[in-house]
Amino acid sequence: MTYVIHGATGAQGAPVVAALTAAGKSVIALTRNAAAAVPGAQVVAVDYSSTADLTRAYRDAEGVFVHLPLASEEDRLAYARNIVAAVREARPARVVFSTSGVDVPETGDPAESAVSTLINGLADSKVSYAVIEPRLFFENLLLPPVFEAVREQGVLRYPLPAGFRVSWSSHLDIADVAAALFERPDVTGVVSVGQYPAITGEELAGAFASWLGRDVAYEALTPDAFGASIAPLIGEGPAAGVAASYKAKSALPDHSITAERSAQELLGMTPRTASQWLADIGL
């Protein structure tokens, strides 16, 4: 039984590969670089733009882990359609899709997006599937403009208002939940992953303070300022998209998961706290 993992050298895919290989599973690591080294896995170079390549990769797979890369929405829509077409043709036993922090659209929402296209396509394919829906990743806090200010200035600057509650999670939590969902075909639909109750920026700063052994304050940053700070890392276009997403989040009352669709409720799995995450990544 083989498991096919998209983005196997990336932030989300690599921990999934590690979790499955540690459990003795056979893993095919999909990357765009055929020369990539992925311990314990067979590396296959596959591009999202080729339905034929995706179909070959998915055929006879026990499970496929999918997430969409950072790209323009036009490209992401094309990738989503190609993935759905490949799933329909190859018929893998199970597909687990991580939205990577993009909210699952409400039922009946007429707006087409890459995420809605992929979710609706998986549902229509009649292949067993589940959708992992995280909110924000702890790993975002490791971006140099954020992490360096914490370490050097004792200030956690992030583009969310003071007191704003978020169900944070780690890429490591996504891997744990993905591995569990491959073993639990009875769990279908959306599984939300993150802290519940949701936590504030001030509480995050407290976790960093405990880790560093000194005071760390939380400071709300404007989304535009945050976008400008990360543009040198990810490019102007993607950074503008990130800034826009934080503007939308900031207009909400919170960014929390609901208990009913949580991994805690559906799988009996509790995600890492900020302090546990800091301990696990071993900085």
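What you see is a predicted model; the values in this text were computed from it and never measured.

Looking at this structure, I do not really get the overall build of the chain. What am I missing?
Each helix and strand in the chain was counted, giving eleven helices and eleven strands. Taking 2.2 N^0.38 as the reference for a compact globule, 283 residues should give roughly 19 Å; the C-alpha atoms of the chain span a radius of gyration of 19 Å, in line with that estimate. Expressed as lengths along the three principal axes of its C-alpha atoms, the size of the chain is roughly 55 × 40 × 40 Å. The proportion of buried residues among the 283 residues of the chain is 49%.

I keep staring at the nonpolar core and nothing clicks. Help me out?
The nonpolar side chains of a soluble globular protein tend to be buried with one another. Counting 30 residues, the largest nonpolar core has Tyr-58, Val-66, Ile-83, Val-95, Phe-97 and Leu-118 as its most contacted members. With seven residues, helix H3 (residues 73-90) is the single largest residue contributor to this core. Not counting residues up to four positions away in its chain, the partners in contact with Tyr-58 are Val-4, His-6, Leu-30, Val-64, Val-66, Ile-83, Ala-86, Val-87, Ala-90 and Pro-92. Grouped together as the second largest cluster of nonpolar side chains are 28 residues, Val-146, Leu-204, Ala-207 and Ala-231 included.

Got a minute to help me understand unusual backbone geometry in this structure?
Peptide bonds are, in most cases, trans, and in most cases residues other than glycine have a negative phi. Between Tyr-196 and Pro-197 the backbone carries a cis peptide bond, its omega angle lying at 5 degrees. If you check the backbone angles, Arg-91 has positive phi at about 55 degrees while not being a glycine. Structurally, the position occupied by Arg-91 is in the loop between H3 and strand S5 (94-98). One non-glycine residue, Lys-126, adopts positive backbone phi at about 70 degrees. You can call Lys-126 exposed: its relative accessible area is 69%.

How should helix H4 (residues 114-125) be read in this particular structure?
An α-helix turns once per 3.6 residues; consequently, residues spaced three or four apart project the same way. With twelve residues, H4 extends 16 Å from end C-alpha to end C-alpha; this agrees with the ideal 16 Å at 1.5 Å per step. Buried residues dominate H4, accounting for nine of its twelve residues. Within the span of H4, buried status applies to Ala-114, Val-115, Ser-116, Thr-117, Leu-118, Ile-119, Gly-121, Leu-122 and Ser-125. On its buried face, H4 sits against strand S4 (63-66), H3, S5 and strand S6 (128-134). Looking one or two places after H4, you find Lys-126, whose phi comes out positive at around 70 degrees.

What is the right way to read the pairing of strand S2 (residues 26-31) from this model?
Residues in a regular strand project their side chains so that they alternate between the two faces of the sheet. Counted residue by residue, S2 has five buried out of six residues, so it is predominantly covered. Examined bridge by bridge, strand S1 (residues 2-5) and S2 share four bridges and lie parallel to one another. Paired with Val-4 across the two strands is Ile-28, which belongs to S2. For the handedness criterion, the β-α-β arrangement of S1, helix H1 (residues 13-22) and S2 is classed as right-handed.

Quick question: what am I supposed to make of helix H11 (residues 274-281) here?
All of the buried residues in H11 are Ala-274, Trp-277 and Leu-278. The arc that holds the buried residues of H11, viewed along the axis, is 100 degrees, so those residues lie on one side. Following H11 by one or two positions, Gly-282 adopts a phi angle in the positive range, close to 60 degrees.

What should I look at first to understand the packing of H1 against helix H6 (residues 171-183) in this one?
When two helices pack together, their arrangement is given by the angle between their axes and by how far apart the axes lie. Relative to each other, H1 and H6 sit at 50 degrees, their axes nearing to 8 Å. As judged from the angle between their axes, H1 and H6 are oblique. In this structure, the crossing between H1 and H6 has a hand that is right-handed. Contacts from Pro-15, Val-16, Ala-19 and Leu-20 in H1 reach His-171, Leu-172, Ala-175, Ala-178, Ala-179 and Phe-182 in H6. Per-class residue counts for the contact of H1 with H6 are nine nonpolar, one polar and no charged.

In this structure, what is going on with the packing of aromatic side chains? I would like to understand it.
For any pair of aromatic rings, the description rests on two quantities: the centre-to-centre distance and the angle between the ring planes. Taken as a whole and assessed by the stated rule, the structure comprises ten aromatic pairs. The interplanar angle of 85 degrees and the centroid separation of 5.4 Å between the aromatic rings of Tyr-158 and Tyr-246 together place this pair among those described as edge-to-face. Taken together, the residues Tyr-158 in strand S8 (residues 155-158) and Tyr-246 in helix H9 (residues 236-250) connect sequence positions 88 residues apart. Owing to a relative accessible area of 2%, Tyr-158 belongs among the buried residues under this scheme.

Criteria and cut-off values
- Residues numbered from 1 in each chain as written.
- Predicted model: local features only at pLDDT ≥ 70, side-chain atom pairs only at ≥ 80, totals over all residues.
- Heavy atoms only, no water.
- Helix = DSSP H or I, 4+ residues; strand = E, 2+ residues; numbered from the N terminus.
- Rg over C-alpha atoms; globule rule 2.2 N^0.38 Å.
- Buried < 20%, exposed > 50% of the residue type's maximum accessible area, 1.4 Å probe, protein only.
- Core = buried A, V, L, I, M, F, W, Y, C linked by side-chain atoms within 4.5 Å.
- Contact = heavy atoms within 4.5 Å.
- Expected span 1.5 Å × (residues − 1).
- Pairing = 2+ DSSP bridges.
- Right-handed = clockwise from strand over helix to strand, strands pointing away.
- Arc of directions from axis to C-beta.
- Axes fitted to C-alpha atoms, helices over the stretch in contact; angles between N-to-C directions.
- Parallel < 35°, antiparallel > 145°, perpendicular 65-115°, else oblique.
- Left-handed = near helix turned anticlockwise from the far one by under 90°.
- Nonpolar A, V, L, I, M, F, W, Y, C, P; charged D, E, K, R; others polar.
- Phe/Tyr/Trp six-rings, centres within 6.5 Å; stacked < 30°, edge-to-face > 60°.

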